[in-house]
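Here's the letter readout for the chains.
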Amino acid sequence: YSDEPGHEASGRFAPVLRRSASGDLQLDSLLSSPAHCPGRMPGKWYALCKKNGSPYLSDPKSNKSLSEQSPAEASYFISLIAPILADGLFYGVVGIDLSVKFIQEVVDQSEILRDECKVMVLSNSGMLAGVRGMPEKVGQAVKAVLGERSEAVSEMIQSGEKSIGSRGGWLEVLSPVQVGQTRHP
């Protein structure tokens, strides 16, 4: 099966379906994708699913290495990966890449205190998936918006606990969102 559709040079089956610019589905080997498999090896998404037997939700990643777009045209995606298990045995993973564009749209359309607060969606590791009025910040660390406060916010996020308090005259609310059976909010 060497170099057959969905296989890589050694014959390993690792299919990925992508939609081309013309809208056609294209079958490639996932192992040839630098964004998913640096060095042609599956990333932590595979290792964590195998080790934990639970789904994995990635940080926002740029698709610029997945397409022929210029960096200015690149968009961001998150990967949701689930293990394939049967009778306690691990057989592989299945997943989907989702554009974070929908997250940015929801955040931008949020009516919560429209002109009086920042609304952000952050990954568990503190990467921005959506920032009201600042789509250019998506994919960056929370420090790009919160500066020095980012370290404390990152610690609160990773704890998975709700936090409500005031800081410098501002109300600060952090609320974890659990996605399916992933281990981290």
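Heads up: the structure comes first, above all this text.
Every chain begins its residue count from 1, and numbering advances along the sequence as written. The predicted origin of the model limits local features to residues at a pLDDT of at least 70 and limits the giving and counting of side-chain atom pairs to 80 or more, whereas totals for whole chains, interfaces and linings rest on all residues. Where side-chain values are given, they derive from all heavy atoms of the structure, hydrogens and water being excluded.

Caption draft 1: Just the overall build of the protein, in detail. In this description a helix means any DSSP run of H or I spanning at least four residues, a strand means any run of E spanning at least two, and both kinds are numbered starting from the N terminus. What the protein contains, in helices and strands, is four helices and ten strands. Ordered by position from the N terminus, the helices and strands of the protein form the series β-β-α-β-β-β-β-α-β-β-α-α-β-β. Here's how the labels work: a residue is buried when its accessible area is under 20% of the maximum for its type, exposed when over 50%, partly exposed in between, all with a 1.4 Å probe on protein chains only. Of all 185 residues assigned to the protein, the portion counted as buried reaches 31%. Long-range contacts, defined as pairs at least 24 residues apart, comprise 32% of the intrachain contacts of the protein with a sequence gap of at least 6. When the accessible surface of the protein is totalled, it reaches about 11900 Å², and 55% of it is carbon and sulfur. A contact between two residues is defined here by any heavy atoms of the two lying within 4.5 Å. Only the protein chains shown count as cover for residues, and all accessible areas are computed by the Shrake-Rupley method using a 1.4 Å probe.

Caption draft 2: A look at the nonpolar core. Formed by A14, V16, L30, L31, W45, C49, Y56 and I81, the largest nonpolar core amounts to eight residues. Here, the term nonpolar core denotes a set of buried Ala, Val, Leu, Ile, Met, Phe, Trp, Tyr and Cys residues that are joined through side-chain atoms within 4.5 Å. Counting residues in hydrophobic clusters, the runner-up holds seven residues, among them I78, V100, I103 and A129.

Caption draft 3: Up close: helix α4 (residues 150–159). Taken residue by residue, α4 has S150, V153, S154 and I157 as its buried positions. For α4, the angular spread of the buried residues around the axis is 100°, confining them to a single face. Pointing more than 90 degrees away from the buried face of α4 are the exposed residues E151 and E155. Looking at the buried positions of α4, the neighbouring elements they touch are β7 (120–122), α3 (143–146) and β10 (170–174). Two residues or fewer past α4, G160 is found with a positive phi of approximately 75°. In this description, the arc belongs to the directions extending from the helix axis to the C-beta atoms.

Caption draft 4: Focus on the packing of aromatic side chains. By convention, a stacked pair of Phe, Tyr or Trp rings (six-membered ring in the case of Trp) has centres within 6.5 Å and planes under 30 degrees apart, an edge-to-face pair has planes over 60 apart, and any other such pair is tilted. All told, the structure shown has two aromatic pairs when counted by the stated rule. Between Y46 and F90 the ring centres are 5.5 Å apart and the planes differ by 80°, which places this aromatic pair in the edge-to-face class. With Y46 in helix α1 (residues 44–52) and F90 in strand β6 (residues 89–99), the pair connects residues that are 44 residues apart, well separated along the chain. Judged by relative accessible area, which is 23%, Y46 ranks as partly exposed. An aromatic cluster is built from W45, Y46 and F90, whose rings are joined through pairwise contacts.

Caption draft 5: Geometry of the side chain of K137. Counting through the fold element by element, K137 comes out in the loop between β8 (128–131) and α3. Setting aside anything within four residues of it in sequence, one finds K137 in contact with L128, V131, A144 and V145.

Caption draft 6: Looking closely at the environment of W45. Mapped onto the elements, W45 comes out in helix α1. A relative accessible area of 8% places W45 in the buried class. For the pair W45 and L80, spaced 35 residues apart in sequence, the C-alpha to C-alpha distance is 8.8 Å.

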